[in-house]
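Now for the letters of each chain:
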Amino acid sequence: MTAAPHRTQQERREETIGKLLNATIDCLVDLGYRDTSIGKICTRAGVSHGGLFRHFSSRTALIAEATREVVQRHLTELHAVIEKPLFDGDIIEVLVHSFRHAARSPLTCAWREVLLAARTNEELRHAVAPAVQSFEDAIMEIAAQMPGAPEDSREFGTLVLSSLHMFDSEAICVPIVHNEDITQRRHDWAVELLRGALTP
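> What am I meant to see in the layout of surface pockets here?
A water-sized probe rolled over the atoms picks out the places where empty space is left. Quantified by volume, the largest pocket comes out at close to 510 Å³. Taken together, 26 residues form the lining of the largest pocket, with His 74, Phe 99, Ala 102, Ala 103 and Leu 164 sitting closest to its centre. Contributing elements (two or more residues each) for the lining of the largest pocket: α4 (59-83), α5 (91-103), α6 (106-118), α7 (122-144) and α8 (153-173). Ranked by residues supplied to the lining of the largest pocket, first place goes to α5 with eight residues. Looking at side-chain class alone, the lining of the largest pocket contains 14 nonpolar, six polar and six charged residues.

> How should I be thinking about the packing of helix α1 (residues 9-31) against α4 in this particular structure?
A packed helix pair is summarised by two numbers, namely the angle formed by the two axes and the spacing between the axes. α4 packs onto α1 with a crossing angle of 85° between their chain directions and a minimal axis gap of 9 Å. As far as their axial angle goes, α4 and α1 are roughly perpendicular. On the side of α1, the interface is formed by Leu 20, Leu 21, Asn 22, Thr 24 and Ile 25, while α4 contributes Leu 62, Ile 63, Glu 65, Ala 66, Glu 69, Val 70 and Arg 73. Considering only residue class, the contact of α1 with α4 consists of seven nonpolar, two polar and three charged.

> Would you mind going over the nonpolar core with me for this structure?
The nonpolar side chains of a soluble globular protein tend to be buried with one another. Judged by nonpolar contacts, the single largest core of 56 residues is most densely connected at Leu 20, Leu 52, Ile 92, Phe 99, Leu 124 and Ile 139. Ranked by the residues each element gives to this core, the list is headed by α7, at nine residues. In this structure, Leu 52 is in contact with Leu 20, Ile 38, Ile 41, Cys 42, Val 47 and Leu 62, ignoring residues within four places of it in sequence.

> Would you take a moment to explain α5 for this structure?
For the α-helix, the turn length of 3.6 residues means that residues three or four positions removed from each other point alike. Under the 1.5 Å per step criterion, the end-to-end length of α5 is 18 Å for 13 residues, consistent within 8% with the ideal 18 Å. Judged by how many residues are buried, α5 sits mostly within the fold: ten of 13 residues are covered. Every buried residue belonging to α5 is among Ile 91, Ile 92, Val 94, Leu 95, Val 96, Ser 98, Phe 99, Arg 100, Ala 102 and Ala 103, and all of these are buried. Considering only its buried residues, α5 is in contact with α4, α6, α8 and α9 (180-197).

Calculation criteria
Residues numbered from 1 in each chain as written. Predicted model: local features only at pLDDT ≥ 70, side-chain atom pairs only at ≥ 80, totals over all residues. Heavy atoms only, no water. 1 Å grid on protein atoms, 1.4 Å probe; cavity = no way out; pocket = protein on both sides within 12 Å on 5 of 7 lines; lining within 4 Å. Points joined across faces, edges and corners; volume = space filled by probe spheres on them. Helix = DSSP H or I, 4+ residues; strand = E, 2+ residues; numbered from the N terminus. Nonpolar A, V, L, I, M, F, W, Y, C, P; charged D, E, K, R; others polar. Axes fitted to C-alpha atoms, helices over the stretch in contact; angles between N-to-C directions. Parallel < 35°, antiparallel > 145°, perpendicular 65-115°, else oblique. Contact = heavy atoms within 4.5 Å. Core = buried A, V, L, I, M, F, W, Y, C linked by side-chain atoms within 4.5 Å. Buried < 20%, exposed > 50% of the residue type's maximum accessible area, 1.4 Å probe, protein only. Expected span 1.5 Å × (residues − 1).

What is shown is where atoms sit, not what they do.
Here it is in structure tokens:
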């Protein structure tokens, strides 16, 4: 029987941090920001309190890092959508569909919990601001690199970012009131708006 390969200290560190970030995101989704406690995170991650504090100085620091992780996962998914071969060649249609799907995903639920809490929590607001800014910057960059993006890429990027915000707001309302005709019209409107902003 072959012995398991010895893991380095760095590998063990990365594994523990990964468990903590996954557990934090899961807690934010399932419990909300208020009830995402150190104890519940540690229980889900299978990591002791001491193990957590060896890597993160506070609950806020951990949640800020989890927020950065959410940003990276969203951007990875978005790049995959943009870069995969398109069956119909309509990048805007595919992009808008992906915006709605992402807005209703568990990852966005975690993101939303943090942003809402940051409105009244100054410490959290300052801690997560870099992650939020990096997301907006990345969306602007992605928009500028799209085929047919206008010379004023900032304006087109703002349209793309605004579409994301629109579907994020929709995702909050849909579990309460879901009007299918409005949902379809909103999709069609976003496609028409973004497609019209691209140069032929």
